[in-house]
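One-letter residues, chain by chain:
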Amino acid sequence: MKAKLLQLSLLSSVLLAGCAGPQIAYVDPNAVNNLTTNFSQNDLRAVAQDMSTQLIQSGKMDQCKTFTISPVKNNTDQYVDTSVMTNAMADKLTNSSAVKSTYVISTGEMQNQVDELDRQNQSGLYDQSSTAKIGKMKGAQCRIDGKLTSDTSVGPDGKTTLVAYTFFVQVFDVQQGAAIWRNEKNISKAKTY
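Since the structure is predicted, the reported quantities are computational estimates derived from the model, not experimental observations.

(A) Spotlight on the nonpolar core. Core analysis: the biggest nonpolar cluster contains 31 residues, and Phe39, Met85, Leu93, Ile144, Phe167 and Val171 have the highest contact counts within it. Of all the secondary-structure elements, those providing two or more residues to this core are helix H2 (41-58), strand S1 (66-69), helix H3 (83-95), strand S4 (142-154), strand S5 (160-173) and strand S6 (178-192). With residues up to four places along the chain from it excluded, the contact list for Phe39 reads Leu44, Val47, Gln78, Val80, Met85, Leu148, Tyr165 and Ile187.

(B) Representation of the layout of surface pockets in the model. As a volume, the largest pocket reaches approximately 220 Å³. For the lining of the largest pocket, the elements supplying multiple residues, two or more each, are S1 and helix H4 (107-122). Residue contributions to the lining of the largest pocket peak at 3 residues, all from H4. Considering only residue class, the lining of the largest pocket consists of 6 nonpolar, 6 polar and 2 charged.

(C) Seen up close, the pattern of salt bridges. Tallying each qualifying case throughout the model produces 4 salt bridges. A salt bridge links Lys189 to Asp43; the shortest N-O distance between them is 2.6 Å. Residue Lys189 is located in strand S6, and its partner Asp43 is located in helix H2; the two are separated by 146 residues in the primary sequence. With a relative accessible area of 12%, Lys189 lands in the buried category. Here Asp43 falls in the buried class, since its relative accessible area comes to 11%. Salt-bridge contacts for Glu116 lead to Arg119; the nearest nitrogen and oxygen are separated by 2.5 Å. Taken together, the residues Glu116 and Arg119, both in helix H4 and 3 residues apart, mark about one turn of the helix. Using a relative accessible area of 39% as the deciding quantity, one classes Arg119 as partly exposed.

Here is what the cut-offs are and how they apply
Each chain carries its own residue numbering, running from 1 in the direction its sequence is written. Totals for whole chains, interfaces and linings use every residue, but because this is a predicted model, local features are given only for residues with pLDDT of at least 70 and side-chain atom pairs only at 80 or more, for both listing and counting. As a convention, hydrogens and water are excluded, and side-chain values are obtained from all of the structure's heavy atoms. Here, nonpolar core refers to any group of buried Ala, Val, Leu, Ile, Met, Phe, Trp, Tyr and Cys residues whose side-chain atoms link them within 4.5 Å. Each residue gets one of three labels from its accessible area relative to the maximum for its type: buried under 20%, exposed over 50%, partly exposed in between, using a 1.4 Å probe on protein chains only. Segments assigned H or I by DSSP are reported as helices when at least four residues long, segments assigned E as strands when at least two residues long, and all are numbered from the N terminus. A contact between two residues is defined here by any heavy atoms of the two lying within 4.5 Å. Every definition here rests on a 1 Å grid over the protein atoms only: cavities are sets of points where a 1.4 Å probe fits but cannot get out, pockets are open sets enclosed by protein on both sides within 12 Å along at least five of seven lines, and lining residues have some atom within 4 Å of a point. Grid points are joined across faces, edges and corners, and a volume is the space filled by probe spheres set on the points. In this count, Pro and Cys sit with the nonpolar residues alongside Ala, Val, Leu, Ile, Met, Phe, Trp and Tyr, while Asp, Glu, Lys and Arg are called charged and the others, Gly among them, polar. A pair is scored as a salt bridge if a Lys or Arg side-chain nitrogen falls within 4 Å of a carboxyl oxygen belonging to Asp or Glu.

Here it is, written out as structure tokens:
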């Protein structure tokens, strides 16, 4: 009888332990994530914010009345949602009182704008005196391009992996085709087994 009770007790313990699922908790989204060598959301925001701050402090945005930001290119071997970087830079530059330039939509956002103009002007549904007119959009005087690259190396003992990321940004005068500002930000992450 005691043996059966002990078996039932052990079985109950195993079942209860098996039913206890993973623990879920909120974490600070700005906290450093040391769980992986992959380029994280925190890394995305941090480098975009830092690069935007450096651009603002350079004063080079004063040369641009209007600007656009091309989607950041991901030249790494991993999936990175670079729209987070592009949006973080657009937000920081647009919301800075030190930047007198006006942000104009990028090529990625252009189709939505064209669709809206077409809807207002060609659908026949709107009073033409109240619609946004075709041909009145502002062009970008400056274009900001960004690129993310990575390089992975493994230590001679095979136990340490180092991933070095470089976020490169440049600002071009669209009409002249000249670079007016260039900079890069580096982040390295190591994993030891």
